[in-house]
Amino acid sequence: MLRREDRGFLTHGATYTADLKEPNLFGSLHATYVRSTMAHARIVVDTSNAKTMPGVLAIYTGSDLDVSMVLPGAIPVFPDPMLNRPLLANNRVRFVGEPVAVVLAEHPFQGADAAEAVLVDYDPLPAVVDPELALADEVVLYEEVGSNLAIDFSSLDMATGLTDIAFFDECEIVVHGRVAHPRVHPAPIEVRSAAAAWDGDSLSVWISNQSPHGAKRSLEGLYGEKAIEGIRVVVGDVGGGFGSKIDLYPEEALLPWLASESGRPVRWFETRTENMVAMGPGRGHIHRFTIGGTRSGNLTHYQLDVLVDSGAYTRIGAFLPMFTLSMTVGVYEIPNVETTARSVVTNTTPLEAYRGAGRPEATLTIERAVDLFAHEAGMDPIDVRRHNLIAAETFPATTAVGTEYDSGDYETSLDLALQTAGISNLRDEQARRRIAGETLQLGIGVATYVEVTAGPAPGGNEFGRVEITADGRARVFSGSLSHGQSHRTTFSMIAADRLGMELSEIEFIQGDTDKVAGGVGTYGSRSTQLGGSAVHDAAGVVVDKALRIAADLLEAAVDDVMLDTDTGQFHVVGSPTVSRTWAEIATASNEGELEAESKENRKCTYPFGAHVAVVEVDIETGHVRLQRIVTCDDAGVIINPMIVEGQRHGGIAQGVAQALMEEIVYDCDGNPLTTNFADYGIISMAELPSFELASLETPTPNNPLGVKGIGESGSIGSTPAVQSAVLDALSPWGIRHLDVPLTPLKVWSAISAAAIKREIKLGSRRVPIGPTRTSCRYALL
Amino acid sequence: MKYVAPSSVEEATSVLSSSPSAQVFAGATDVVPQLRAGSPAPEVLVDLKKIEELVSLKSDDNKWTVGAATPTAYLTENEAFSQEFPGLSEAAGLIGSDQIQNRSSLGGNLCNGSPAADSVPAMVVNGARAIVAGPNGTRVLDVSEVVTGPGETSLADDEFIVEFEIDKMPSHTGDAYLRMIPRTEMDIAVVGAGARVTLADDGSIEQAVLALGAVAPTVVRIPDAEDALLGTTADEEALNAVAAAASEACNPIDDKRGTVAYRKQVAGVLAKRAVLIAIERAEQRNGTN
Amino acid sequence: MPRTHITTVINGDETEFLTEDSTSLLNALRDEVGLTGAKEGCGTGDCGACSILVDDRVTCSCLMFAPEADGTTILTVEGLADSGELHPLQQCFLEGAALQCGICTPGFLMAAKALLDKNPDPTETEIRYALAGNLCRCTGYDKIIRAVQEAALEMRGK
């Protein structure tokens, strides 16, 4: 089944927000933001010179805005000043890249010139970049709060709190460590872009965003009183989101105000460097874990301590431990578990969601813990995994942290991945290279995972609507929003299947709040299971209504009439020769009769799988080459295999990138050092092998389609698999743990240091993992 | 900024002499990112690609002549050049993507003054000369004399490189260039190592030239490594001496791409590996080709 | 500021436009000519989303000054299909689902065309290096490589 959305992409590059030739935007002004170049300072902004520059209509600063002009926080559990971001910084900046002023100019280049001429006088304050240091409160971002601690999840009853080491008294083996999950950038190739126009008292906003209705709700908070005729949000083609475009950003939220002040439409798009410093990154966790069990390999006890670097304001990222905590134990049956989680503010870009959003962190930590436990137990890490997997016959299974996994067959997914990889041949080749002392050493890593989609628990809903047109075709509306996931294809397939229509008879509508009555959006791998199920159910209701009309037309009892979904014909059961078409049914129907909506709540689902990575490490330079990545990702029933493969591929690539290359780096003063694609090199095809995918489909009972989410699986399993593979290659040097990304520099440094450390015999039964910092590691020369 | 595209060397030098803030460019693959990153804009941008000599690649019995603004893709696509100077061709081919290759040039790569420029160590080991035009005619500089520090050259403001001359590769001689980057493609060298080796009839090394990039403010030669190879067959002892001399010759910086210790280590490894490749190529180049 | 008059052939049609000298060819194509198929992903030549062919050579249009285009022949994604009939690369991208969000696709198509014009039968490794200057965040590249291989096969058969 070909993707239905592709022709425009291939022939003219589709229509992203910056490409819009929308008549309502004729005569637009262009907004250019002036951004803080310091991480923490009191500021005074002088726009007098810049205002006189060519093409400049106006320049506004934070003092021009009403104090109520704040971007409301998405999750209202944080102290107010951290939660509600000012649209323009007022007197105080808290991260490099924070908008301090905005220029309205006729042309973007005039705006850029004027932005450079805006004078910002900085009175520097000490900056805190490292979340562990932020906990000490020596530098406080919000004096009125008095502490950098944004939230302790124990206070929300989302974490149990930790007791002490006595928790592990009955364990024969106890291993503890610290695992960092550095910040990575979602780096959609389309940067952020938006536009706003007023027509009297109605407001239209075009935006590159994952959640049109979410954006509308946020805008209503700011402009609802003025826009008495209503707010319309239009999302056209979106050039990637990966979680970073769920939230609304201040730069976008201010555009309607600018359009109102100037009386003209206003457009905005950013540069890549602005995107790198001002769009929300992901991950940014530091975990400490302790795992305990028996010498025979039974995992019995686990403690997890999560610390999140929220950045300067508490956006979505600050709350993502909810997912980490719920997935603490992964695929393992570990009876005794304690957790804690805290989010702190730092002088860095506010954290948002990034593919996986809290689950990759849970997975990577438990997978590291299991590898280290296996090493201490002298067992093969694959055997330890297999021994502790939640058994297929126990589903639905509730874990020690209270999460109810719907369905699964973890051992089969592990077996399939291992078989596809040919694990014993790989071990032979690894042994050969070790004995021969070759420069290119082989490493093999295995990771298993389970994640939650359509979360957080208990689940959620999405809007779907199906209506039959007068000529017997169908219109399908969804509140979900494809930004690469091919909803037009998948959702049309679901509707066509249910209605017995050709795909060409389905019109699909998304991304316009005037056309789609409600919705949530696309994130958290929720689209097909919630949005697709809503379309499925709405289509089912329409079919039921059509059957009643068909019964009248066929002069039969409704229970005797059926829709043959192969032919799209209604007929009496057993008498297909006398039939009615959708067009005939439509003609016979009353206006508005053949339509239905669905917005039912459905429970989360729990996709799972196993990844095997094979790497070559050049022990003289530390360079790692990923040779193979084999995955078995089970996301329940698959509707379009080609699209699902694509989702897996993309996730794998991002997970590999996180394992080997990508990391946002700040210096000690909070200056970002990774501000373009030269300094933050996102993974290219030259770094990747072909992917080897094994298939497994274990349906979920939690929705009528039996589907689970697939958008994030690839990025959850691949990072720990690759990390484990590199560490496996380094195991002859006694190297047990290195944090991602495993750059050549880090790998070589570890090998080099190991040559010295090997002299020291470690007798402890615990394996301490030395601290590494996510900042202050490098000085700029 | 005003754009001009002179059609002759004379016209270009006169533009440069009359506009103090004029800047020459070839492919602009460094100039544009620098302008976008906030470098001060020149009043006049002088596009050198409309001058015939600057975009040409030709050889005679004695030498190759490469126009300074010639896209590096022309070098990598030229079979005769690439067979004769595989190391230089590969180095030129490492400057960015195919998109960049169609714009980047040896002149731009050199005069941008980056210590990490990939083609420079490979030009240096091959003894390339730069023909520099100025208001008073032309002068000749060794490529190693052009860059004086990061972003700094010995050229006057009204001078630019017209072309490079590289003597034909002698028989029993081969060159190689290797670089270390954190990524696989599209990245800036953490270390670059160029080598050129000439073998005597008995297979021992008669002549060796080694140069490193990205480990000092400018490209550095490694005389101690060159000496250590002479008369040897690049046995383990000689290669260890090469590595040690290469590490020793480094005067690198610490940055997020590499620490001093790492750059020194990798310089040694790449110098060894480049020598071995150069020897293999020298062995294949007997007197007839 | 005086604007410079540029004459080019774009997608087969002689095209004239006015531009500031400092404008990138990418912005001139998008704002002056109205062709928005080429995208700005980075503005520094690192992502390839703005790739076009200039005199048959693939180039990042964000790194070219618009006046440099005077007298050249340009092909953008809008000119790739032949009066409605998809180019084999477009057809194979379509059939192989070699795109997701699509923002990188025009650049990939142009770079892949340049590759196949030069090398009609590239190996997977050659493709991986030749197209490494085009970044895609969605696909993991796997299906893009398959599509380029399929298109190469089809174009060789013609």
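On a predicted model such as this, the values are computed, not experimentally measured, just so you know.

K.L.:
Explanation requested: the environment of Ile-716 of chain A in the structure shown.
P.N.:
Residue and element names in this part refer to chain A. With respect to the secondary-structure elements, Ile-716 resides in helix α19 (residues 713–730). Considering only alpha carbons, one finds Ile-716 and Val-572, 144 residues apart in sequence, at a separation of 50 Å. Each residue touching Ile-716, except ones within four places of it in the same chain, is listed here: Gly-356, Arg-359, Pro-360, Thr-363, Tyr-449 and Glu-451.

K.L.:
Would you mind showing me how to read the interface of chain A and chain B here?
P.N.:
Quoted interface sizes are often the accessible area lost when the parts come together. Counting from both sides, the interface comprises 24 residues of chain A and, opposite them, 21 residues of chain B. Of the roughly 1,900 Å² buried between chain A and chain B on both sides combined, carbon and sulfur atoms contribute 58%. Interface area lost by chain A to chain B is led by Glu-620, Leu-745 and Trp-748 of chain A, which between them contribute 28%. Inspection of the chain A/chain B interface yields 5 salt bridges.

K.L.:
Please explain the side chain of Arg-315 of chain A as it appears in this structure.
P.N.:
Residues and elements named next belong to chain A. Mapped onto the fold, Arg-315 is located in the loop between β16 (299–311) and α10 (321–326). Of the polar contacts made by the side chain of Arg-315, one reaches the backbone oxygen of Leu-71; its length is 3.4 Å. At a separation of 3.3 Å, a polar atom in the side chain of Arg-315 contacts the main-chain carbonyl oxygen of Pro-72. In this structure, Arg-315 is in contact with Leu-71, Pro-72, Gly-73, Ala-74, Leu-83, Arg-85, Asp-247, Leu-248, Pro-350, Leu-351 and Glu-352, ignoring residues within four places of it in sequence.

K.L.:
Honestly, the packing of aromatic side chains in this entry has me stumped. Any pointers?
P.N.:
Geometry of an aromatic ring pair is reported as the spacing of the ring centres plus the angle between the planes. If you walk through the whole model with that rule in mind, you get 19 aromatic pairs over all chains. Between Tyr-33 of chain A and Trp-268 of chain A, the ring centres sit 5.8 Å apart and the planes meet at 90°, which makes this aromatic pair edge-to-face. One end of the pair, Tyr-33 of chain A, is in strand β1 (residues 29–35); the other, Trp-268 of chain A, is in strand β14 (residues 266–269), and 235 residues separate them in sequence. Each member of the pair, Tyr-33 of chain A together with Trp-268 of chain A, is buried. Ring centres 6.4 Å apart and planes at 55° place the aromatic pair Tyr-3 of chain B and Phe-25 of chain B in the tilted group. Taken together, the positions of Tyr-3 of chain B in strand β1 (residues 2–4) and Phe-25 of chain B in strand β2 (residues 22–25) put the pair 22 residues apart, joining distant regions of the chain. Here the two residues Tyr-3 of chain B and Phe-25 of chain B agree in accessibility, since each one is buried. Through a chain of ring-to-ring contacts, the aromatic side chains of Phe-78, Phe-153 and Phe-319 of chain A assemble into a single cluster.

K.L.:
Would you explain the sheet that holds strand β6 (residues 92–93) of chain A in this entry?
P.N.:
Backbone-to-backbone hydrogen bonds pair the strands of a sheet. The strands run either parallel or antiparallel. All names here are of chain A. With antiparallel pairing, 3 strands are arranged side by side in an open sheet as β6-β2-β8. Both outer strands of the open sheet, β6 and β8 (119–124), are each paired with one neighbouring strand and no more. For strand β2 (residues 41–46) and β8, the ladder comprises 6 bridges, and the chain directions are antiparallel. For Val-45, the partnering residue across the bridge sits in β8 and is Val-120.

K.L.:
What's the story with unusual backbone geometry in this structure? I'm lost.
P.N.:
With the exception of glycine, most residues fall at negative phi, and the peptide bonds are largely trans. Cis rather than trans, the peptide bond between Gly-455 of chain A and Pro-456 of chain A has omega equal to 0°. If you trace the backbone, Pro-456 of chain A turns up in the loop between β20 (440–450) and β21 (459–460). The residue after Val-740 of chain A, namely Pro-741 of chain A, is reached through a cis peptide bond having omega -5°. Summarising the element assignment, Pro-741 of chain A is placed in the loop between α19 and α20 (744–757). Look at Asp-56 of chain C: it is not a glycine, yet its phi comes out positive at around 70°.

K.L.:
What's the story with the interface of chain A and chain C in this structure? I'm lost.
P.N.:
Counting from both sides, the interface comprises 51 residues of chain A and, opposite them, 47 residues of chain C. Note on chain A versus chain C: buried area summed over both sides is about 4,000 Å², and carbon and sulfur give 59% of it. Broken down residue by residue, the surface that chain A buries against chain C is led by Leu-10, Ile-189 and Met-685 of chain A, which jointly contribute 22%. Applying the counting rule to chain A against chain C returns 4 salt bridges. Two residues, Asp-19 of chain A and Arg-30 of chain C, come together in a salt bridge whose shortest N-O distance is 2.5 Å.

K.L.:
Would you take a moment to explain the side chain of Thr-399 of chain A for this structure?
P.N.:
Note that Thr-399 of chain A resides in the loop between β18 (397–398) and β19 (404–405). If sequence neighbours within four positions are ignored, Thr-399 of chain A has contacts with Val-329, Ile-390 and Tyr-405 of chain A.

K.L.:
I keep staring at the packing of helix α11 (residues 359–377) of chain A against helix α12 (residues 381–388) of chain A and nothing clicks. Help me out?
P.N.:
Helix packing for two helices is described by the angle between their axes and how far apart those axes are. Residues and elements named next belong to chain A. At a minimum axis separation of 8 Å, α11 and α12 run at an interaxial angle of 115°. Note that α11 runs across α12; the crossing there is right-handed. From α11, Glu-367, Val-370, Asp-371, Phe-373 and Ala-374 reach across to α12, where they touch Pro-381, Val-384 and Arg-385. Of the residues in the contact of α11 with α12, the class split is 5 nonpolar, no polar and 3 charged.

How each quantity is defined
- Residues numbered from 1 in each chain as written.
- Chains lettered and ligands numbered in written order.
- Predicted model: local features only at pLDDT ≥ 70, side-chain atom pairs only at ≥ 80, totals over all residues.
- Heavy atoms only, no water.
- Helix = DSSP H or I, 4+ residues; strand = E, 2+ residues; numbered from the N terminus.
- Contact = heavy atoms within 4.5 Å.
- Buried area = accessible area lost by both parts, 1.4 Å probe.
- Salt bridge = Lys/Arg side-chain N within 4 Å of Asp/Glu carboxyl O.
- Polar contact = N/O pair within 3.5 Å; in protein donor to acceptor, adjacent residues only side chain to side chain.
- Phe/Tyr/Trp six-rings, centres within 6.5 Å; stacked < 30°, edge-to-face > 60°.
- Buried < 20%, exposed > 50% of the residue type's maximum accessible area, 1.4 Å probe, protein only.
- Pairing = 2+ DSSP bridges.
- Axes fitted to C-alpha atoms, helices over the stretch in contact; angles between N-to-C directions.
- Left-handed = near helix turned anticlockwise from the far one by under 90°.
- Nonpolar A, V, L, I, M, F, W, Y, C, P; charged D, E, K, R; others polar.

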